[in-house]
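# Chains, contacts and geometry: an overview
Take a look at the letters that make up each chain.
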Amino acid sequence: MKNEDIVRTYFSCYENSDKTTLENLLDDRFEFSSPHDNKLDKSSYFEKCWEFNKSVEQYQILKFIDDKNEAFLSYKAITYDKREIENAEYFKIKDGKIINIKVYYGNL
């Protein structure tokens, strides 16, 4: 699977509340970082971040840059109450699994 397909599947899991597919997409050594989170492991990521799937109706990828085992993108998340949130994320991917995500947000 191409990096872009992997990343699109990741966001689709949030749109469709598909936790099982997302669990399989994330490597066992997965780490997640954001301005408020420093290297959450896979279990902590689901505890802290998974509930956001109940808030977002749709993700729109605005820009996607792919380089071997890395992807960087900016996107807009549209919530069920029609708020728009813009973020940027860096993905590290190996053997079809996401091993690291760093999310950047604020005044983009």
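The sections below set out a description of the structure shown in this document. Here the structure is a predicted model, which is why all the values come from computation and not from measurement.

### Some thoughts on a nonpolar patch on the surface
- Residues Ile65, Phe72 and Tyr104 make up a contiguous nonpolar surface patch of about 280 Å² in total accessible area.
- With relative accessibility at 36%, the residue Phe72 sits in the partly exposed group.

### Some points on the sheet that holds strand β5 (residues 84–94)
- One open sheet holds the six strands; their spatial order is β2-β1-β6-β5-β4-β3, and the pairing between them is mixed. Looking at which strands have only one partner, the edges of the open sheet turn out to be β2 (37–41) and β3 (56–67). Shown here is a sheet whose adjacent strand axes are inclined to one another by a mean of 20 degrees, direction ignored.
- Strand direction decides the pairing type here: β3 and strand β4 (residues 70–79), joined by ten bridges, are antiparallel. Residue Gln60 lies in a different strand from β4, and its bridge partner there is Lys76.
- Helix α1 (residues 3–15) rests against β3, β4, β5 and β6 (97–105) of the sheet, and its axis sits at about 165 degrees to β3.
- Taken strand by strand, helix α3 (residues 42–49) contacts β1 (26–34) and β2, and its axis lies near 115 degrees from that of β2.

### Re the layout of surface pockets
- Approximately 390 Å³ is the volume attributed to the largest pocket.
- The class makeup of the residues in the lining of the largest pocket is 13 nonpolar, three polar and four charged.

Basis of the calculations
Residues numbered from 1 in each chain as written. Predicted model: local features only at pLDDT ≥ 70, side-chain atom pairs only at ≥ 80, totals over all residues. Heavy atoms only, no water. Patch = residues over 30% accessible without salt bridge, like charges linked within 9 Å, V, L, I, M, F, W, Y side chains within 5 Å. Areas by Shrake-Rupley, 256 points an atom, 1.4 Å probe, with all protein chains shown as cover. Salt bridge = Lys/Arg side-chain N within 4 Å of Asp/Glu carboxyl O. Buried < 20%, exposed > 50% of the residue type's maximum accessible area, 1.4 Å probe, protein only. Pairing = 2+ DSSP bridges. Helix = DSSP H or I, 4+ residues; strand = E, 2+ residues; numbered from the N terminus. Axes fitted to C-alpha atoms, helices over the stretch in contact; angles between N-to-C directions. Contact = heavy atoms within 4.5 Å. 1 Å grid on protein atoms, 1.4 Å probe; cavity = no way out; pocket = protein on both sides within 12 Å on 5 of 7 lines; lining within 4 Å. Points joined across faces, edges and corners; volume = space filled by probe spheres on them. Nonpolar A, V, L, I, M, F, W, Y, C, P; charged D, E, K, R; others polar.

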